[in-house]
Amino acid sequence: MRIPVLSARFGQRRGGAAGRAARGQPRWPAERGGRRAELHKMAAAGAEAAAEEEKRLPEGDPESGGDSDDEGDSDSSGDGEDEEKENEAEIQRLEEQLSINAFDYNCHLDLIKLLRQEGELVKLRRARQKMSELFPLTEEIWLDWLKDEIKMASEISEREKVYELFERAVKDYICPEIWLEYAQYSIGGIGQEGGIEKVRSIFERALTAVGLHVTKGTALWEAYREFENAILETAQLEKIHTLFRRQLGIPLLDMEASYAEYEEWSEEPIPETTIKNYKKALQQLEKCKPYEEALLGAETPKLAEYQAYIDFEMKAGDPARIQLIYERALAENCLVPDLWARYNQYLDRQLKVKELVLSAHDRAVRNCPWTVGLWIRYLLAMERHRVEHSSISEMFEKALNAGFIQATDYVEIWQAYLDYLRRRVDFTQDSSKELEELRSAFARAVEYLKQEVEERFSESGDPSCTIMQNWARVEQLCCGFQKCCSSWGRKRNVCMAGILCGLCPQCPVPSCRAHGDTQHCRKALHRAVQCTSDYPEHVCEVLLTLERIEGTLEDWDAAVQKTENRLARVNEQRAKAAEKEAALAKQEEERAEQRKQARAEKKASKKAKKTRIGDKRKADEDDEGEWGQEEELPSKRYRGEGDGVLPEEDMEVETGLFGRSEKPDGPAIPKEKASTSRKDIPKVFHDSSKDKVTVFVSNLSYTMAEPEAKLRELFGSCGEVVEIRAVFNNKGTFRGYCYVQFREEEAARQALALDRTAVEGRPMFVSPCVDKNKNPDFKVFRYSTTLEKHKLFISGLPFSCTKEELEEVCKAHGNVKDIRLVTNRAGKPKGLAYVEYENEAQASQAVLKMDGLTVKDHVIKVMISNPPLRKLPDRPEPGRASLALAPRQIYGARGKGRTQLSMMPRALQRQSNPVAKAENGMVQNSPAASSDPPAEPKKMSNADFAKMLLKK
């Protein structure tokens, strides 16, 4: 069946006074009678024109999709047949695909497009019907569907079907265009009994739904006024006055034109109340204009702009306007679950209108069926508005078939349904139908999670056995503690006594619960949620668990709202604290940079002064950084230094590194001897332009044979290796580090991924080739050294504990993202580990559950990762070996040891109480002869010491 073309329609929209003036019509007719007959004639003429056009179009008319014998040639007809066959094959393929997966949204769209192109009305109706049952349709899809059906509706029964279709369309989304189309179509039925009242009813509903729309609401008001003007009688004049006054009290675009039109139309002066409401609406429009302009200038999806508009309307507090802006946002962002969740939460807590709330929840789960939170809110809303038990159970079954993306989502939806069934049970009775239904639901939930979920996701959806624990607590309420431990534990083949009596750390019931009633426990927990600052997530979880087991729906709603508000405040406080901490850290970094810059300037000035005097000029010219060998000086290393960076002492004495500007203090080695020991090895000078294609490799074994060949084989997978420069000492022994130069920079970046790779039993450190003299702030350590609230530090682990074993212990308390076992430079474990969770709440929960746990006969300690700041002593500046700056020795209780004896000559030692020479038998300036305190000895410089020695 083909879709005919309808050339004339009645009830078309007219654009108000400006539109009538453009068409040459008077703004308002002088005579007001006889418009009802005129409107009837317009409707009848439109219907006759449509019928004549349907008869006029032949079966083969091009507009109706048929073939034409007079137009086209054989080639075009052949191409059309081929295209039709391809479309039929594609339609068949899409139908088969939808039979396999009915929730394929794009497949539905493609099928509807092809069927509409082919003109298959029956299949098109069926395809649209199936899609509308699964998903809310967009405004464009509904308008196309409605226009197609309007063209075919000629009889009264068919018009009623179109009315039903319009009713379905306005429920999916609040769209001004659909409401306007609905009102205009209803005008064609004014000739029937009660037609005028039906049109007015539709217009009133449209104004209630979208009459407050700032940019599109004016069109509905004008259409309504024009309809009333067309059927105007003297007794109905007040109705148009009322419409004008209602419109002028609402902030809409182009309000000034509507007010001027009202002034020209009205024969009486405008009432003061109307003028006052008009000015108030103008002021409100000025406040809304910035948000409307932001929406017009923004790009899709406009979430930030809509959220700012929603926050503005929330502060104003008008429920109708808040609902409308939410609906406008959802019409453009129907696949955003968070937006649906906020809208439904507002309706649940503020409006609380049953039809409106349930409709919004139904549209939410149809748009985002993969979001378990929307299904849970829907079940709670149905229970809150006392929907029948069969309907709630049916909705739960739909949720199970929605296709969630995580195994834990099925645990949450089952838990919500079991909570609903638990609240239906009267625990004062020994047995009841509701209790048996709850027990069978628990059994089904355990079996479903064990079979369906594990088979689909290859993992347990409930690793903590939350469903089974709640079942045990419910049985405790029904049968008492002893019977629950014996009968339930025997059925499940486990002993739940530890959980029920509170010995298990996972028990959510406080100790006071065993000695008091539920009401006292609830009050204590509400106070704890409000006041507790340490681990507030855990306290909130305890309160929710109590309400889940023993509370009513009202208690559950109050607990959820209280915990959400509390956690929101906690997160806000944490964010402010983090910002403050970051600001302090930034200030400290700036101060450290200033101190470092000051020291560098001071050092540079001293170096320039020495250069002017002429000291070490020759050493500065000859002593250039070299690749390959190093001078024979005792190397100094610190324990715990690694990660591919040498100690600063080694950086100064090794010719294999670059950036050295002066020789270290100490005895100079004759050049003849050094050149003799390295005469067979050529010197390779550093080329700083190749730093980006070079990596520094360290922590290698000193006994590695042929390191060049070994490392070339290891780094060959990263890219072409140009050269490997291993560092040897004067005796030809490998020093454990080298430089690997690649052809391309990308290969050097890939080589960094080999950091910590085990080579001959030791972790190999791979780091960028960076001159630390030019980049003093460069750090290779890739782990954070600040507070990380989502990461745990575990100590006391046995050395034999592996990463997999530790993961088995930790994943029971949350989703583990990463585990790092700390090792020494030789690759041996140190009994320490860092465990990273997804969020802060899981980490805090793991601290409570794992601290003090025994792992392989070792009691472990668990805490939040917050490494202490490492304070490194400042190195003395070269050339400042003054004895006056030597640190004071601290001796023990037994005095100086042999290693603490002073090596300074007695002639240079200062006496604590110097005695002057006697003249004429008197000791001058003796302490007994003078009451003045002894003068502090003058500090001596290196030049003073030299003069003293020359005098001696």
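Higher on the page you've got the structure.
Residues numbered from 1 in each chain as written. Predicted model: local features only at pLDDT ≥ 70, side-chain atom pairs only at ≥ 80, totals over all residues. Heavy atoms only, no water.

A. Fine view of the packing of aromatic side chains. Within this structure, the stated rule accounts for 30 aromatic pairs. The interplanar angle of 5° and the centroid separation of 5.1 Å between the aromatic rings of W142 and W145 together place this pair among those described as stacked. Separated by 3 residues within a single helix, W142 and W145 lie in helix α6 (residues 139-152), roughly one turn from each other. Ring geometry for F442 versus W471: centroids 5.5 Å apart, planes at 5°, classification stacked. With F442 in helix α21 (residues 433-457) and W471 in helix α22 (residues 466-479), this residue pair connects regions lying 29 residues apart in the sequence. The class for W471 is buried, based on a relative accessible area of 8%. Connected via pairs of aromatic rings, a cluster forms that spans F396, F404, Y410, W414, Y417, Y420, Y448 and F457. Sitting over the face of the ring of Y163, K198 holds its NZ or CZ atom 3.5 Å from the ring centroid. (Phe/Tyr/Trp six-rings, centres within 6.5 Å; stacked < 30°, edge-to-face > 60°. Helix = DSSP H or I, 4+ residues; strand = E, 2+ residues; numbered from the N terminus. Buried < 20%, exposed > 50% of the residue type's maximum accessible area, 1.4 Å probe, protein only. Lys NZ or Arg CZ within 6 Å of the ring centre and 35° of its normal.)

B. Structural detail: the sheet that holds strand β5 (residues 734-742). Sheet architecture is open: 5 strands sit in the order β4-β5-β3-β7-β6, paired in antiparallel fashion. Unpaired on one side and paired on the other, β4 (721-728) and β6 (757-759) mark the two borders of the sheet. Strand-to-strand twist in this sheet, taken as the mean axis angle between neighbours without regard to direction, amounts to 30°. Contacts from helix α31 (residues 707-715) reach β3 (694-698), β4, β5, β6 and β7 (762-768) within the one sheet, and its direction differs from that of β4 by about 140°. (Pairing = 2+ DSSP bridges. Axes fitted to C-alpha atoms, helices over the stretch in contact; angles between N-to-C directions. Contact = heavy atoms within 4.5 Å.)

C. Main features of the pairing of β7. Across the 7 residues that make up β7, a large majority, 5, are buried. In the sheet, β3 pairs with β7 via 4 bridges, with the strands oriented antiparallel. Following the sheet pairing, F696 is matched in β7 by S767.

D. Broad picture of the pattern of salt bridges. With the rule as written, the count across this model stands at 43 salt bridges. Note that D148 is salt-bridged to R116, the shortest N-O span being 2.8 Å. Here D148, found in helix α6, pairs with R116, found in helix α4 (residues 105-118); they are 32 residues apart in sequence, far enough to count as distant. Judged by relative accessible area, R116 falls into the partly exposed class, the value being 35%. The salt bridge partner of R423 is E383, with a shortest N-O separation of 2.9 Å. In this pair, R423 is assigned in helix α20 (residues 407-423) and E383 in helix α18 (residues 372-384), connecting sequence segments 40 residues apart. For R423, a relative accessible area of 17% gives the class buried. When its relative accessible area of 15% is taken as the criterion, E383 is described as buried. Through salt bridges with shared partners, a single ionic network connects R116, R128 and D148. (Salt bridge = Lys/Arg side-chain N within 4 Å of Asp/Glu carboxyl O.)

E. Examining the environment of L111 more closely. As for its placement among the helices and strands, L111 is situated in helix α4. The exposure class of L111 is buried, given its relative accessible area of 6%. Sequence separation between L111 and N87 is 24 residues; the distance between their C-alpha atoms is 9.9 Å. Among all residues touching L111, those that are not within four sequence positions of it are I91, L94, E95, L98 and A127.

F. Structural view of the sheet that holds strand β8 (residues 788-795). Strand order across the open sheet formed by 4 strands is β9-β10-β8-β13, with antiparallel pairing between neighbours. The outermost strands of the open sheet, each flanked by one partner alone, are β9 (816-823) and β13 (861-865). With direction set aside, neighbouring strand axes in the sheet form an average angle of 25°.

G. Broad picture of the pairing of β8. Here β8 lies mainly inside the structure; 6 of its 8 residues are buried. The pairing of β8 with β13 spans 5 bridges and is antiparallel. In the sheet register, S795 faces β13, and the bridge partner there is K861. In the sheet, β8 pairs with strand β10 (residues 829-837) via 4 bridges, with the strands oriented antiparallel.

H. Structural context of the side chain of T274. Here T274 lies in helix α13 (residues 272-297). For T274, a relative accessible area of 7% corresponds to the buried category.

I. Representation of empty space enclosed by the protein in the model. Applying the stated criterion across every chain, the model contains 6 cavities of 30 Å³ or more. Its volume calculated, the second largest cavity comes out at about 50 Å³. Taken together, L212, V214, E292, Y309, E313, R321, L324, I325 and R328 make up the lining of the second largest cavity. Breaking the lining of the second largest cavity down by element, the ones donating at least two residues are α14 (303-316) and α15 (319-332). Ranked by residue count, the leading element in the lining of the second largest cavity is α15, at 4 residues. Residues of the lining of the second largest cavity, tallied by class, amount to 5 nonpolar, no polar and 4 charged. (1 Å grid on protein atoms, 1.4 Å probe; cavity = no way out; pocket = protein on both sides within 12 Å on 5 of 7 lines; lining within 4 Å. Points joined across faces, edges and corners; volume = space filled by probe spheres on them. Nonpolar A, V, L, I, M, F, W, Y, C, P; charged D, E, K, R; others polar.)

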